[in-house]
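Summary of the model geometry
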Amino acid sequence: MTGQRRRLYHEAIPDYGVPLTEAAGLRRVVARNPGPMTGHGTNSWLVESEGGWVVVDPGPDDATHRRAVLDACDGRLRAILLTHHHKDHDGGTVALAAAAGAPVHGGHVGAPMTDGETLYGLRVVATPGHTMDHVCFDLGEGRLLSGDHVMGWSTSVVMAPPRGSMGAYLASLETLRRSAYRTLFSAHGAAITEPDPFLDGLLHGRRRKIEQAATALTPDWQSAEMLCDRLYSALPEGLRLAAMEMTLATLAELEAQGRAIGGDQGWKVA
Ligand SMILES: [Zn+2]
C-alpha cells in the first residue's frame with residue numbers, strides 16, 4: 001500500500017424509507033438526513049433474529065423514518081441496538097422503543113454492552129476511536145455492521161479526546177483486519193465488499209497523516225488551527241469542524257507517543 005489510492009465505495013441516492021434487502025435476513029432503511037458528514041443519510045439496519053427484527057441504529061429523530069423502520073419490521077421489532085451515541089444514529093431511539101415496546105442496548109440511552117457478548121444473535125465487537133462508546137456488530141458468516149468506524153464512501157472522523165481517540169481507532173481497525181471479514185455494512189453508504197485492502201488503506205492513510213503532523217511540528221508553539229490548515233488545506237468549509245477534531249486527535253496521539261507537547265499556547269515538537 002505505498003501511496004496507492006484507496007478504492008471508495010459510492011452508490012446512487014437510495015430510495016429513502018424503503019426497506020432495501022441487502023442479504024437474507026438483512027434489510028436497511030435509509031433516513032433522509034443527507035449531508036457532508038452523513039453521505040446520502042443514515043442506514044438503519046434490520047437483522048432478522050428469533051422472535052423478530054433487531055434494529056441497529058434507529059437514525060435521527062424523524063417521524064417519517066421511524067414509521068418506515070417500524071413498517072419494515074412487519075410488526076415484529078424485537079430489540080434496538082446502538083453503535084454509538086451520535087444524534088444521526090440514536091436521535092430516534094427513545095420514540096421508536098416506546099412505539100415498539102422494545103428494549104435498547106448500547107450508546108448513551110441503552111443498557112451497557114460488553115465486548116464479545118452476543119445479543120439476539122449479534123456479537124458485540126468493541127471498536128472505540130470515532131467515539132469511545134463505538135461498537136460494531138458481528139452477524140456471522142463474515143458479515144459485520146461497522147457503524148461509523150469504517151465507511152466505504154469517506155474516511156471516518158476521529159473525535160478529539162476525551163470523546164474519541166486516534167490510538168484506539170487504529171487499534172480498532174487492526175481488530176477488524178485480524179477477523180478477515182467478507183463484507184462490512186456501514187451506517188452510511190454502500191457495503192464494503194473487499195474489507196482487507198480497504199482497512200489496509202485506512203491504516204496506511206491515518207499513519208501517513210500522523211507522520212505529516214509530526215513533520216509540521218516545530219520547536220515554536222503553533223495553534224491547532226494553524227496545524228489544521230496545513231494538514232487539511234483543501235477541505236470545503238462544511239468539514240472544517242471535522243478537520244479540527246481529526247487534527248486534535250492526531251496531535252494527542254503524537255503526544256501519547258512522546259513526539260509532541262500540547263499546552264495553552266498550542267503544540268510543539270517534543
Ligand atoms: Zn458518529
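Since the model is a prediction, treat every value here as computed from it, not as a measurement. For every chain, the first residue of its written sequence is number 1, and the numbers climb from 1 along that sequence. The predicted origin of the model limits local features to residues at a pLDDT of at least 70 and limits the giving and counting of side-chain atom pairs to 80 or more, whereas totals for whole chains, interfaces and linings rest on all residues. Hydrogen atoms and water are omitted, and side-chain values are computed over all heavy atoms in the structure.

1. Thoughts on the overall build of the protein chain
Counted only if it meets this: Elements are defined by DSSP. Helices are runs of H or I of four residues or more, strands are runs of E of two residues or more, and each kind is numbered from the N terminus. Only C-alpha atoms enter the radius of gyration, while the globule expectation follows 2.2 Å times N to the 0.38, with N the number of residues. Contacts are assigned to residue pairs that have any heavy atoms within 4.5 Å of one another. For the area figures, the Shrake-Rupley method with a 1.4 Å probe applies, and any residue is considered shielded solely by the protein chains shown. His is not counted, nor are the chain ends, whereas Lys and Arg count as positive and Asp and Glu as negative. Working definition for charges: the position is that of NZ of Lys, CZ of Arg, CG of Asp or CD of Glu.
A count of helical and extended segments in the protein chain gives seven helices and 13 strands. Here the C-alpha atoms of the protein chain give a radius of gyration of 19 Å, agreeing with the 18 Å that 2.2 N^0.38 yields for 270 residues. In terms of principal-axis extent, the alpha carbons of the protein chain reach across some 65 × 35 × 35 Å. Once local pairs closer than 6 in sequence are excluded, the contacts in the protein chain between residues at least 24 apart make up 59%. Carbon and sulfur atoms provide 53% of the accessible area of the protein chain, an area that totals close to 11,900 Å². The average position of the 25 basic charges and that of the 31 acidic charges among the side chains of the protein chain differ by 4 Å.

2. Notes on the packing of aromatic side chains
Our working rule: The criterion for an aromatic pair is that two Phe, Tyr or Trp rings (for Trp, the six-membered ring) have centres within 6.5 Å, with stacked assigned to planes under 30 degrees apart, edge-to-face to planes over 60 apart and tilted to the rest. Only Lys NZ and Arg CZ are tested; either one counts as a charge over a ring when it is within 6 Å of the ring centre and within 35 degrees of the ring normal.
The tally for this structure, following the rule as stated, stands at two aromatic pairs. Ring centres of Tyr9 and Phe198 lie 5.7 Å apart, and the angle between their planes is 70°; on these two criteria the pair is classed as edge-to-face. Linking Tyr9 in the segment before strand E1 (20-23) with Phe198 in helix H5 (residues 195-216), this pair joins segments that are 189 residues apart in sequence. One Lys or Arg, Lys209, reaches over the ring of Tyr232 and ends 4.3 Å from the middle of that ring.

3. Quick look at the UniProt feature "domain: Metallo-beta-lactamase" (unreviewed entry) in the protein chain
Here is the rule: UniProt positions are given in the numbering used here, feature names are shortened, and annotations may be inferred rather than shown by experiment.
Feature annotation in UniProt places "domain: Metallo-beta-lactamase" (unreviewed entry) on residues 41-188, given in this structure's numbering. As annotated, residues 41-188 comprises 24% helix and 28% strand, and the C-alpha atoms at either end are separated by 6 Å.

4. A look at the coordination of the zinc ion
Just so we agree on the cut-off: Water is not among the atoms examined, so metal sites may look incomplete; donors are the N, O and S atoms within 2.8 Å of the metal, or within 3.2 Å for Na, K and Ca. Only two sets of limits are used to name each site, 85 to 135 degrees for every angle of a tetrahedral four-donor site, and over 155 degrees for opposite donors with all other angles from 65 to 115 for a square planar four-donor or octahedral six-donor site, with any other site named irregular. Here the term buried applies to any residue with accessible area under 20% of the maximum for its type, exposed to any over 50%, and partly exposed to those in between, with areas from a 1.4 Å probe on protein chains only.
Looking at the metal site, the zinc ion is ligated by His84 (NE2), His86 (ND1), His130 (NE2) and Asp148 (OD), spaced 2.2 Å from it. Bound by four donor atoms, the zinc ion shows angles of 90 to 167° at the metal and therefore irregular coordination geometry. Each donor residue of the zinc ion lies on one chain, and together they are spaced H-x1-H-x43-H-x17-D. Of this pair, His86 sits in the loop between strand E5 (77-81) and helix H2 (87-90) while His130 is found in the loop between strand E8 (122-126) and strand E9 (135-140), placing the two residues 44 residues apart along the sequence. Here His86 and His130 have matching classes, each one buried.

5. Some remarks on the packing of helix H1 (residues 63-72) against helix H3 (residues 93-100)
Under the convention used in this document: All axes are obtained by fitting lines to C-alpha atoms, using only the stretch in contact for helices, and the reported angles, taken between N-to-C directions, cover 0 to 180 degrees. Should an angle fall under 35 degrees it is taken as roughly parallel, and over 145 as roughly antiparallel, whereas 65 to 115 is taken as roughly perpendicular and any remaining angle as oblique. In a left-handed crossing the near helix is turned counterclockwise from the far helix by less than a right angle, and in a right-handed crossing that turn is clockwise. The residue classification treats Ala, Val, Leu, Ile, Met, Phe, Trp, Tyr, Cys and Pro as nonpolar and Asp, Glu, Lys and Arg as charged. All others, Gly included, are polar.
H3 packs onto H1 with a crossing angle of 40° between their chain directions and a minimal axis gap of 11 Å. Our classification of the angle between H1 and H3 gives oblique. Where H1 crosses over H3, the handedness of that crossing is right-handed. Of H3, the residues touching H1 (which contributes Arg66, Val69 and Leu70) are Ala95, Leu96, Ala99 and Ala100. Within the contact of H1 with H3, the residues separate by chemical class into six nonpolar, no polar and one charged.

6. Section: H1
How we decide: N or O atoms within 3.5 Å of each other form a polar contact, as long as, within protein, one can give a hydrogen and the other can take it, and as long as residues adjacent in sequence are counted only when both atoms are side-chain atoms.
The complete set of buried residues in H1 reads His65, Arg66, Ala68, Val69, Leu70 and Ala72. Buried residues along H1 sit in contact with strand E2 (26-30), strand E3 (43-49), strand E4 (52-56), E5 and H3. The N-terminus of H1 is capped by Asp62, whose side-chain oxygen sits 2.9 Å from the backbone nitrogen of Thr64. At the C-terminal side of H1, Asp74 shows a positive phi close to 50°.

7. Some words on the pairing of E5
Filter applied, for reference: Strand pairing is assigned whenever DSSP detects at least two bridges linking the two strands. Handedness of a crossover is defined as follows: with both strands directed away from the viewer, a clockwise route from the first strand across the helix to the second makes it right-handed.
Of all five residues making up E5, four are buried, and the element is well covered by its neighbours. Of the pairings in the sheet, the one linking E4 to E5 comprises four bridges and is parallel in character. Bridging from a neighbouring strand, Val56 pairs with Leu81 of E5. The parallel pair E4 and E5, bridged by H1, forms a crossover whose chirality is right-handed. Both E5 and strand E6 (residues 104-105) contribute to a ladder of two bridges, which runs parallel. Bridge assignment links Ile80 to a residue of E6, and that residue is Val104.

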